[in-house]
Each structure stands twice: as structure tokens, then as C-alpha cells.
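Examination of the molecular architecture
So the chains spell out like this:
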Amino acid sequence: MDKGIGTIYHKLTNLFHSNPSTSASTNTISSTPEMSGSLPISTFFDRLIPSSTTQTKILHNPNRYHNTSRVTRQISIKTEQNSVSSQPTSFDTQNTTALNILEQSIAAEVHSKDEPPNHASNSLQYRHETTSSIPGMDDAEFRRRGKEMIDYIADYLLHISDRRVTPEVEPGYLRPLLPKNAPKQSEKWEDIMSDVERAIMPGITHWQHPRFHAYFPAGNSYPSILGEMLSAGLGIVGFSWAASPACTELETIMLDWIGRMIALPVAFLPFDPKCDHKKNDNDDVSLSGSDDDDDDDDDESSDDHLRDSISNGDNNHERKQSRHIGGGVLLGSASECILVAMLAARTKKITSKRLADPLIEDGQILAKLVCYTSKLAHSCVEKAGLIAMVRVRDLPVDENFSLRGETLDEWIRADKENGLIPFLVSGTLGTTSCCSYDNLEEIGEICQREDLWFHVDGAYAGSALICEEYRYIMKGLQFADSFNTNPNKWLLMNFDCSCFWVRDKFALINAMSVDPLYLQHKHAQQAVDYRHWGVALSRRFRALKLWFTIRSYGIEGLRFYIREHCRLAKVFELLIRTDIRFEIIGNVTLGLVCFRLTGSNKLNQALLLSLNDSGLIHMVPSMVNDLYIIRFAVCAKHATDDDMRIAFHIIQEHADSVIIEYRAQRSRRQSSSADSIESTAKQTSTTNVEQNPCVLEEITNPNILPEIPTARNVYPKTKIRANTITTMTPHHRVTFEKPISNSLKDKRPRPMFVRMVSDAKLHYPKRTASQLSRQTSLVTPRGRKRIQSDSGNHASRSSSERYLARTVSILETVNSDEGELDDNKQ
Ligand SMILES: Cc1ncc(COP(=O)(O)O)c(C=O)c1O
């Protein structure tokens, strides 16, 4: 008899039934966790015991309580100790039931020693018993509802253009539409689905709508949806090879496929192509396995390409590496990829510095690390810096919105002179703001010289690399240490799916590895364990959707999709250029067009507000080199030329009314303040449009427009607000006064650490004293007043006020010359 186990069991049982209201029900064993407050003993122990043991025991248990040998042993110990009798009376019924189970389980255990189990029949019995006791959906209903759901999704996507693009709801709209508490009892599926239309759909932004042109595309395709479905159905968690070998292995193969599809430098590929070539010169790039002639041709050309890259064809400057140690992993987002790259780079630099000077502490090195990126890099670089506790410098870009080597060089030199330690450059291949490209070649050479980790973020543009004609943008990628792209943006994969490749997987694993006993397995030396390649332990089977989608479309199908989007962006660009009131900002290289009304930022802001408020179209703005621009991304999977024309027509209509409204407001303002001195002062701060007679001229003479289809969609006439349902106003609200939310005064003071890592003086070392002294203070004047009036009354202040006051005083001394907050971050 093992007393210890008996005591543990006793405690667990008490824990389990500690709620008298639920433990009073006698039949909790056969009911389910969802329905009763207490878990059945069997279920509870099933969670503690390895499934293999569980299965063996289930097989020979003639009754419905499928316990395990370990459970049985524990319970028998408890029985011998007579601990049951010491339980409070209210538990007796249940414990008696438990005793019955015990007896049956013991019998089953004895029986099981004599006969080999019949796995098939018994596991069926097990499955049947389990499902019959769980309320909710059974197999038959799942089959039916699953088909209905597929129909619902297909109908939704087919008729999506009948809806507004953006919802007309306000924060908090959903709470009044749903019950306060979760339902006690199982509800009918029909009721749940009818609530989808009633409550959920009104709050959905329709990213797959043909008039959705915001951000970047949100990948979506039927094969990918089905891949996701299978992944959910399998319900596995693939943190290590052993946790589900196919999950890991398919992921590695997908990273290899995509790496080859986008012609990544071979050093990044998970499998060493040189070895593949030695083994079999012909089959390594064949994705379809088909024998058809066309495929063979294509394979040959890909093969040639691959051979070229291996023998330095398009990677002339391929960095010399003695062995192939590259690899790739699927992560949840580009932000995660960049964070992981930063952590790896940080560990690498700290380790090398510590080796050079064993007396120096990690913290001392950390405090000096600097990462460089461009002003137009995605804000996730700054966020990664916050998490990794390193400085991030946003460097200025040139007239093509590109970070250049010269700028980087200058800043690195200045930082090194100040005793700082550069460790990482995060370049961007296709910025979010305007799809510009950093000069990877210039940056890469500097990174090599300075021994800096070079990460390249190709979250959007990376997908275009499957087409040979766009590969010119990747020039210099051979210098990179890591690269990420998001097939969930522009390769028809549903979210989430970010590919991340590294040249040296050990640099990554060194930074991320922890290895508790319960996660180790006997194949660890030969297999990939992706838990060491990212932040999360548990991992989804993301590779399935890649596999389904790539195979369903084929590389050519995906190329067609990318090329269509790029062509349509050109169509839209031409339309915009036909109207001289507009200008195109930057180059249209892929599927993003950045444009603006030739006028002030406010005018453009008003135009975008008007467009988005209409619900007819959705776009988002961006700020590049102090210009407020409107981003038009080709997003819809099946976008057409007509979609471009309709979008352009909507934009023109709104531009007309915004300009009229703008002029009316301006003349009202001028007439009401014509005589006052204040008005003179105001006029000095008028917008570019007012100062620029050319622009006014352009705006007042709308030019001849190309023919546009006038067919309009009819949208639902109601909108849901927080507590009311109101009729949708036909007029588009135009507000010129709405502040740009990125402006400094709208930002809350950033925590001390954030300020510390982005110190203005270090940020803008070239700024003159007078420029710096003109910088706006961190805290709004109102906030400052409140804090000052509170000073001396510390006891009455809340902790947040005290924190604020402390922050203000520190920052006022350290940072009276605060640098401006970056308006470019998205
Ligand atoms: C260039 C770039 N990098 C990073 C990101 C962040 O992507 P994620 O949402 O996957 O973190 C984006 C998002 O649009 C992006 O465009």
C-alpha cells in the first residue's frame, strides 16, 4: 500500500468535489464537465494519465466508466485505507459509485492481464460512450452542420458585395445584443447561427469585399479554409517532433517549398540542396509529382534556377558558410518573426561580447545594444525593441522612401563613438506605408562589415518573389541573416501563417531553448523541435493549409493571382493619373497604390474620412515624409478591372463633395473673422491648398473623367449603435477639425523604459539646440497642471498619478529636449 498516493488521491477528490452544490448531484460521473460543476473522476484522471495507458485499460472495461490502471491502483489504495468512510455524508453517494467503479475496474485489470486487448472494438465502444454523454453536437449533426457551414461561407463570399464594407457600429455595440451570462444548457445550433447574422455580422469588417482596399490583403482561399478545417479536426498540438511528427515534417517541407518558390538564397533552405542534388538531380523541385510535360518543363527551369543559385548564379555574394545550417519555421505573425530575430541577434551579440570580456555582465551589454530600422518600417520593430529591452533607431529614408547605406553608416558611427553597441538592422522589403524597399545591398554590406545581424521583413512583398519579374527587389537578400514573409497576406493562405527563415538555426535555438524533462523525446537529436524556434510552446498545424493551397493552385496559379493584383494596381494608378486633382506618391511596383489630393494633409484626411464613413469603400492612410497619403491596396482575391473603376469613381465623387464642403467652410471661416486680428494670424497657418493657387485652380476645374460604370450597390439601411438602432444617414459626414490621431498631444506619456531606449538626443544627434527646445513636451499641458497642483499632496494621489508625476519629473530632467513622436508608424 502506498500511503502517499492515497493521500494525493484523497486531496484531489476533495478538490474535485469541493463545491457542495455540484457535488450533491449523484450522477456526476456520467454527466459532463459542461453540464455539471464537478468533473467525473474518470475524466479527471484521464487528464493526468498518458493516453497509451488509458487506452489499454479502457479496452477491457465492460462498464461505461473507462478508468485506467493507474486510476485503478490509486483507488484501490484508497479503498484499503478506508478513507472513503471519513468523507462527509454529502459525498457518500458519489463515493459509493466510485467504489463500484473500482471493483469493476479491478476486475477489468485482472482480466486484462490474461488476454491481449481488442483495440478496435473497444476503442469504438469508448468513443461511443464518450460522445453519448456529452451534450451538444454529435457525429451526425456535425456532418450536417459542417455542410451547412460550408454553404454559409460560400454564400457569404459569393454575395459579399451586397454588404457595406465596414460596419456601422460603435464600441460596445455587441454587449446589449447578447445575454450577460453564458447559457447553462446546450442551445440549438439554429439559434446560434441566427445570432451570427443578427449580432455578429453587423460588426464585421468585410476584408474579402471587392471594395476593401485597406492595409494589405487578408489571404483567403477555399483550399486554405479546408486545410484549416482539417487542422482543427485533427486537434493536435505540434510543439515537438514527437508531439506529432507529420506536423513538424510537413512544416519543414513547406518552408523548403516556399523558400524555393521565392528563390531564397539556398543558405536559408531547411534542406541542403547540394545534398538533394547529389541524391537525385531531378525530383527536388517537383511539387506536383505529375508527369505531365508542362510540369516537367517548369521543374526543369526551377531546377536550373536553383542550380544557379547554388553555384552562385543570382547570389553572387552568397556568404560563405562551411556547412548548411539554415532552416525555416511557421510563426503566427510577422511581428513574432521580427521579435524572434531580434532575440536571436541579441543573444548572439551578448555572447560574443561576453566571450571577448568575461568580466562584463549581460545587463551592461544589453543597456548598450542598438537596433536600426527605417522610419517606414512596421511598428512591430519598435514593439520587438520594447520586449527585448533594446534601443531602436528609426532612420530617415531617401526620396524613394528607402533606407540607404550611407544613412545607416553615419548612425552606426555616431553610436559607436558614444559607446553603444549596434547589433541588428531590420530592413524592409515592401514597407507598410508605401511598399518601398530599403537598399538591402548597401545595408547588407555594412552589416557584414560591422558584424550585425541583418533581418529583412518582406511580410507583404515577399510573396511577389514567386514571380521571376519581381525578384529584382530582393537584390541584397543574400546578405541577410533572417527573412520573413506572410503567405497569409498575399499568397491566399488564411491567417495565421508567417514564414521565417534563418541562415543559422543554431543562433535562433540558442536564444530560445528551454528543455524540461516532460518535453524531451528520444528523437530530439535527429528531429526538429519547433518549440525552440519561437515564443509559444503549443503550435498549430499551419503547414496543412500551405500544403492544400500550394497543391491546389500550383505555383503557376499563385503567380497568376499575384500578377493580376499587380496589373490591377497599374490600372488603378492610370485612372488616378487621369484626374489632375490627384497625385501618385512613390512607385507602384506591386499591388499597392499610394495617392492623395494635391493639397493639404487635412484635405486628404477629410477625403478619407468621407470615403470610409460612406461604407462604400475602405482604405487606410499613411504618413510618408510628412505627407498624408491614402493607400489603395488591391485585396480581393477575384478583383477585376471594373472593381478598379468603381473604386476610382467612388473616390472622385467624394473628392468633389469634400472639396465643395472644404471651400464652403473656408469662406464661412473667412467671412466670420475677416476683421479680426486673430483672423490674420489664422490665415498665416492656412493649408497648402489655400496657399497654392495652382491647386485651387485644379480643384475648381474637375477634368473630364473616363467612363465609369454607374451601377451602385444597395446596402442595408440600418446601423447598430451601442444601444439603439438608427437609420443610416445618406450624407457623408465631413469633418475637417478631427485631429490626426498620431499627433504628439494625443499620445499618452510613454513609460520610462520606452523613453530610455528611444532617447531623443540619441535619436536625433544632429538636431540643433533650438530645434530640440521647440519639441513638444511629453505630457499634455492639462496633465502637467493637474500633477503640479497635486504636488505636496502625495497621499491623496492615485498610484497612476504618482507614477505619472514621477515619470514627468524624470523626463523633464532627462528629456527636456524630447524628440518628436514618429507619425509614420502604422
Ligand atoms: C511590412 C510589414 N511588416 C510587419 C507587419 C506586421 O504583420 P503581422 O500583423 O503579421 O505582425 C506588417 C503588417 O501589415 C507589414 O506590412
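The protein has the name Tyrosine decarboxylase in an unreviewed UniProt entry, where Rotaria socialis is given as its organism. Per its UniProt entry, the protein bears the Cofactor (unreviewed entry) comment "pyridoxal 5'-phosphate". If you open the UniProt record of the protein and go to Sequence similarities (unreviewed entry), you find "Belongs to the group II decarboxylase family."

Taken in spatial order, the four strands of this open sheet run β8-β9-β11-β10, and their pairing is antiparallel. A strand with exactly one partner marks an edge of an open sheet, and here the two such strands are β8 (582-584) and β10 (620-624). Recorded for the sheet is a direction-independent mean angle of 40 degrees between the axes of neighbouring strands. Where β8 lies against strand β9 (residues 592-597), three bridges are found, and the strand directions are antiparallel. Note that in β9 the partner of Ile584 across the bridge is Phe595. In the packing of helix α22 (residues 601-614) onto the sheet, the strands contacted are β8, β9, β10 and β11 (627-633), and the crossing angle to β11 comes to about 30 degrees.

What follows is about the UniProt feature "modified residue: N6-(pyridoxal phosphate)lysine" (unreviewed entry) in the protein. Taking the numbering used here, the UniProt-annotated feature "modified residue: N6-(pyridoxal phosphate)lysine" (unreviewed entry) corresponds to Lys489. Within the fold, Lys489 resides in helix α19 (residues 487-490).

Take the site of the ligand next. Around the ligand sit Phe216, Ser333, Ala334, Ser335, His378, Cys380, Gly430, Thr432, Asp457, Ala459, Asn486 and Lys489, and that is every residue in its neighbourhood. At 3.1 Å, a side-chain N or O of Lys489 approaches an oxygen atom of the ligand. When isolated, the ligand has an accessible area of 400 Å², and the protein chains bury 86% of it. In terms of residue class, the shell around the ligand is built from four nonpolar, six polar and two charged.

The next point concerns the packing of helix α17 (residues 405-417) against helix α18 (residues 440-450). Relative orientation of the contacting elements α17 and α18 amounts to 30 degrees, with a least axis distance of 8 Å. The angle between the axes of α17 and α18 places the two elements in the roughly parallel class. Once α17 is placed against α18, the crossing between them reads as right-handed. Only Glu442, Ile443, Ile446, Arg449 and Glu450 of α18 make contact with α17, whose side of the interface consists of Gly405, Glu406, Leu408, Asp409, Ile412 and Lys416.

This part takes up the packing of aromatic side chains. For the structure shown, the criterion picks out 11 aromatic pairs. Plain terms: the ring middles of Phe212 and Tyr215 are 6.3 Å apart, the flat faces sit at 35 degrees to each other, and that makes the pair tilted. Members of the aromatic cluster, connected to one another through ring pairs, are Phe572, Phe582, Phe595 and Phe632. Seen from the ring of Phe268, Arg503 lies directly overhead, with NZ or CZ sitting 5.2 Å from the centre. The ring of Tyr222 is capped by Lys637, whose NZ or CZ atom sits 4.8 Å from the centre of that ring.

It is worth spelling out the pattern of salt bridges at this point. Note on pairing: side chains with opposite charge can pair once their charged atoms come close. All told, the structure shown has 34 salt bridges when counted by the stated rule. Residue Glu564 is joined to Arg567 by a salt bridge in which the shortest nitrogen-to-oxygen separation is 2.9 Å. On the criterion of helical spacing, the pair formed by Glu564 and Arg567 is a turn pair, its members being three residues apart in helix α21 (residues 543-577). Given the relative accessible area of 21%, Glu564 is considered partly exposed. When the shortest N-O distance is used, the salt bridge between Arg645 and Asp642 registers 2.8 Å. Within this pair, Arg645 and its partner Asp642 are both found in helix α23 (residues 641-672), separated by three residues, close to a single helical turn. Judged by relative accessible area, which is 28%, Arg645 ranks as partly exposed. Connected via shared salt-bridge partners are Glu228, Asp496, Arg540, Arg542 and Lys545.

Counted at 1.5 Å a residue, the expected span for helix α10 (residues 222-234) with its 13 residues is 18 Å, and the 18 Å between its end C-alpha atoms agrees. Those residues of α10 lying buried are Pro223, Ser224, Ile225, Gly227, Glu228 and Ser231. Looking at the buried positions of α10, the neighbouring elements they touch are α8 (139-158) and α21. Gly235 sits one or two positions beyond α10 and adopts a positive phi of about 60 degrees.

Topologically, Glu251 is positioned in helix α11 (residues 245-261). Judged by relative accessible area, which is 1%, Glu251 ranks as buried. Apart from the residues lying within four places of it in its own chain, the contact partners of Glu251 are Val329, Leu330, Tyr530, Arg539 and Ala543.

On to the pairing of β9, then. Burial analysis of β9 places six of its six residues in the buried class, the great majority of the element. Both faces of β9 are covered, namely the face carrying Leu592, Cys594 and Arg596 and the face carrying Val593, Phe595 and Leu597.

Residue position: Thr252 is located in helix α11. In this view, Thr252 contacts Pro270, Phe271, Val528 and Tyr530; residues no more than four positions away in its chain are not counted. Only 3.0 Å separates the side chain of Thr252 from the backbone oxygen of Thr248, close enough to count as a polar contact.

This paragraph deals with the pairing of strand β5 (residues 453-457). The buried fraction of β5 is high, at five of five residues. Burial along β5 is two-sided: the residues Trp453, His455 and Asp457 and Phe454 and Val456 are all buried. Looking at chain direction, strand β4 (residues 421-428) and β5 are connected through five bridges and run parallel. Opposite Leu424, over in β5, you have Trp453 as the bridge partner. In this region the chain leaves β4, passes through α18 and returns to the parallel neighbour β5; the handedness of that crossover is right-handed. Sheet topology note: the β5/strand β6 (residues 482-485) ladder contains three bridges and is parallel.

Such a bond, covalent and formed between the sulfur atoms of two cysteines, is termed a disulfide. Counted under the stated rule, the structure contains zero disulfides. A disulfide-free cysteine, Cys337 has its sulfur positioned 8.0 Å from the sulfur of Cys499, the nearest such atom. Of all cysteine sulfurs in the structure, the one in Cys434 sits closest to Cys594, which takes part in no disulfide; the separation is 5.5 Å.

Another point: the sheet that holds strand β2 (residues 369-374). Read from one edge to the other, the open sheet built from seven strands follows the order β1-β7-β6-β5-β4-β2-β3, with strand pairing classed as mixed. One side of each edge strand has no neighbouring strand; the edge strands of this open sheet are β1 (327-331) and β3 (391-395). Across the sheet, the mean angle from the axis of one strand to that of its neighbour is 20 degrees, orientation sign disregarded. Each of β1, β2, β3, β4, β5, β6 and β7 (498-502) touches helix α14 (residues 334-356); the most contacted strand, β4, lies at about 155 degrees to it. Sitting on the sheet, helix α16 (residues 379-388) touches β2, β3 and β4, and the angle it makes with β3 is about 160 degrees.

Conventions adopted
- Residues numbered from 1 in each chain as written.
- Predicted model: local features only at pLDDT ≥ 70, side-chain atom pairs only at ≥ 80, totals over all residues.
- Heavy atoms only, no water.
- UniProt positions renumbered as here; feature names shortened; annotations may be inferred.
- Pairing = 2+ DSSP bridges.
- Helix = DSSP H or I, 4+ residues; strand = E, 2+ residues; numbered from the N terminus.
- Axes fitted to C-alpha atoms, helices over the stretch in contact; angles between N-to-C directions.
- Contact = heavy atoms within 4.5 Å.
- Near = heavy atom within 4 Å.
- Polar contact = N/O pair within 3.5 Å; in protein donor to acceptor, adjacent residues only side chain to side chain.
- Areas by Shrake-Rupley, 256 points an atom, 1.4 Å probe, with all protein chains shown as cover.
- Nonpolar A, V, L, I, M, F, W, Y, C, P; charged D, E, K, R; others polar.
- Parallel < 35°, antiparallel > 145°, perpendicular 65-115°, else oblique.
- Left-handed = near helix turned anticlockwise from the far one by under 90°.
- Phe/Tyr/Trp six-rings, centres within 6.5 Å; stacked < 30°, edge-to-face > 60°.
- Lys NZ or Arg CZ within 6 Å of the ring centre and 35° of its normal.
- Salt bridge = Lys/Arg side-chain N within 4 Å of Asp/Glu carboxyl O.
- Buried < 20%, exposed > 50% of the residue type's maximum accessible area, 1.4 Å probe, protein only.
- Expected span 1.5 Å × (residues − 1).
- Right-handed = clockwise from strand over helix to strand, strands pointing away.
- Disulfide = S-S within 2.5 Å.

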